[in-house]
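Architecture at a glance
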Amino acid sequence: MRPDDPSLKKMEPPRLTFGDRIYLPQIAAGLFVTAQHIGGVLFKNQAITVQYPEEQHVPSPNYRGVHRLNKDDQGRPKCVACMLCATACPAHCIDIVGTTAPESWPDREKYPASFVIDELRCIYCGMCEEACPVDAIELTGLYDLTGLTREQMIFDKTKLLSVFDATRDAEPMRYTAPPAPSAATEMLPSPIV
Ligand code: SF4
Ligand code: SF4
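This write-up is about the structure you can find in this document. What you see is a predicted model; the values in this text were computed from it and never measured.

1. Points about the overall build of the chain
Of the regular secondary structure elements, the chain holds 6 helices and 5 strands. Each helix and strand of the chain, ordered N terminal to C terminal, gives the series α-α-β-α-β-β-α-β-β-α-α. The buried share of the chain, taken over its 193 residues, is 30%. Within the chain, contacts between residues separated by at least 24 positions form 70% of all contacts whose residues are at least 6 apart in sequence.

Structure below.
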């Protein structure tokens, strides 16, 4: 586009008033907000900070924190290794290796031999939870996620199942209906690795 193109719309910078140029009204407005917060803390008990870790923050019920792999009432992972969560994940941080379920598990064809989530690549969007047809993966309210190495932040199946054990009482499964065998297996993409 040429600079003299008639369709070009020229934008003029806004004209600053005297008050804008000396910044005093803005400084006064900022101090007023600060004073409001100080007054709220001192006189209305409106403190919004918590003395962590002595005091624990309680996140909202729809907070998306560390993942867990849910277990069914027989203690087995609910996951049927359908790969839908890994497919839906925009960060490509879920890695699953599915294998044939034992014959004693007639309600599914597959289960995850390996299930790994890189918690550092995850953007905690919740798409995996949305995609799961059997409600096997959920994001919990755990937020104090720490590790000394990157490897420690790569959660394998054992760790993800242990998060379920640690959170099941405080955060019951959102959906407790057992997976419908036909529904779960019908959704399996083919071929399954
Ligand atoms: S929360 Fe989002 S980014 Fe994290 S594993 Fe699930 S789908 Fe992937
Ligand atoms: S979508 Fe659910 S059942 Fe399928 S692989 Fe992921 S956790 Fe397992």
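2. What about the site of ligand 2?
Looking at ligand 2, there are 14 residues lining it, with Cys79, Cys82, Met83, Cys85 and Cys132 nearest. Taken together, the residues that form the shell around ligand 2 break down as 14 nonpolar, no polar and no charged.

3. A few points about the packing of aromatic side chains
One pass over the full model with this rule turns up 3 aromatic pairs. Aromatic pair Tyr63 and Tyr143: ring centres 6.4 Å apart, planes at 85°, arrangement edge-to-face. Remark: Tyr143 occurs in the loop between β4 (137-139) and β5 (154-155) and Tyr63 occurs in the loop between α2 (24-44) and β1 (67-69); sequence separation between them is 80 residues. Consider the rings of Trp105 and Tyr111, whose centres lie 5.2 Å apart with planes at 65°: the pair is edge-to-face. By relative accessible area, Tyr111 is classed as partly exposed at 22%. In textbook terms, an aromatic cluster arises when at least three aromatic residues are bridged by ring pairs, as seen for Tyr52, Tyr63 and Tyr143. The positively charged end of Arg76 is found above the aromatic ring belonging to Trp105, 5.0 Å away from the centroid.

4. Quick word on the pattern of salt bridges
A full pass over the atoms with the stated rule returns 8 salt bridges. Linked through salt bridges whose partners overlap, the residues forming this network are Asp72, Arg76, Asp107 and Arg108.

5. Remarks on the sheet that holds strand β2 (residues 94-100)
Pairing between sheet strands relies on hydrogen bonds along the backbone, with the strands arranged either parallel or antiparallel. Read from one edge to the other, the open sheet built from 3 strands follows the order β2-β3-β5, with strand pairing classed as antiparallel. Of all strands in the sheet, those bounded by a partner on one side alone are β2 and β5. Two elements, strand β3 (residues 110-118) and β5, share 2 bridges in a ladder whose sense is antiparallel. By the bridge assignment for β5, Ile117 is matched with Phe155. Contacting β3 and β5, helix α5 (residues 157-167) runs over the sheet at an angle of about 90° to β3.

6. Observations regarding the site of ligand 1
Around ligand 1, the structure places 13 residues, and the nearest of them are Cys89, Cys122, Cys125, Gly126 and Cys128. Grouping the amino acids of the shell around ligand 1 by side-chain chemistry returns 11 nonpolar, 2 polar and no charged.

7. With respect to the nonpolar core
Inside soluble globular proteins, nonpolar side chains tend to come together where they are buried. The biggest cluster of nonpolar side chains holds 26 residues, and the ones touching the most others in it are Cys93, Ile94, Ile96, Phe115, Ile117 and Ile137. Contributions of two or more residues to this core are made by α3 (84-88), β2, β3, β4 and α5. Counting residues per element, this core draws most heavily on α5, at 3 residues. Excluding residues that lie within four positions of it along the chain, Phe115 makes contacts with Leu69, Cys79, Cys85, Ile94, Asp95, Ile96, Ile137, Phe155, Asp156, Lys157 and Leu160.

Calculation notes
Residues numbered from 1 in each chain as written. Chains lettered and ligands numbered in written order. Predicted model: local features only at pLDDT ≥ 70, side-chain atom pairs only at ≥ 80, totals over all residues. Heavy atoms only, no water. Helix = DSSP H or I, 4+ residues; strand = E, 2+ residues; numbered from the N terminus. Buried < 20%, exposed > 50% of the residue type's maximum accessible area, 1.4 Å probe, protein only. Contact = heavy atoms within 4.5 Å. Near = heavy atom within 4 Å. Nonpolar A, V, L, I, M, F, W, Y, C, P; charged D, E, K, R; others polar. Phe/Tyr/Trp six-rings, centres within 6.5 Å; stacked < 30°, edge-to-face > 60°. Lys NZ or Arg CZ within 6 Å of the ring centre and 35° of its normal. Salt bridge = Lys/Arg side-chain N within 4 Å of Asp/Glu carboxyl O. Pairing = 2+ DSSP bridges. Axes fitted to C-alpha atoms, helices over the stretch in contact; angles between N-to-C directions. Core = buried A, V, L, I, M, F, W, Y, C linked by side-chain atoms within 4.5 Å.

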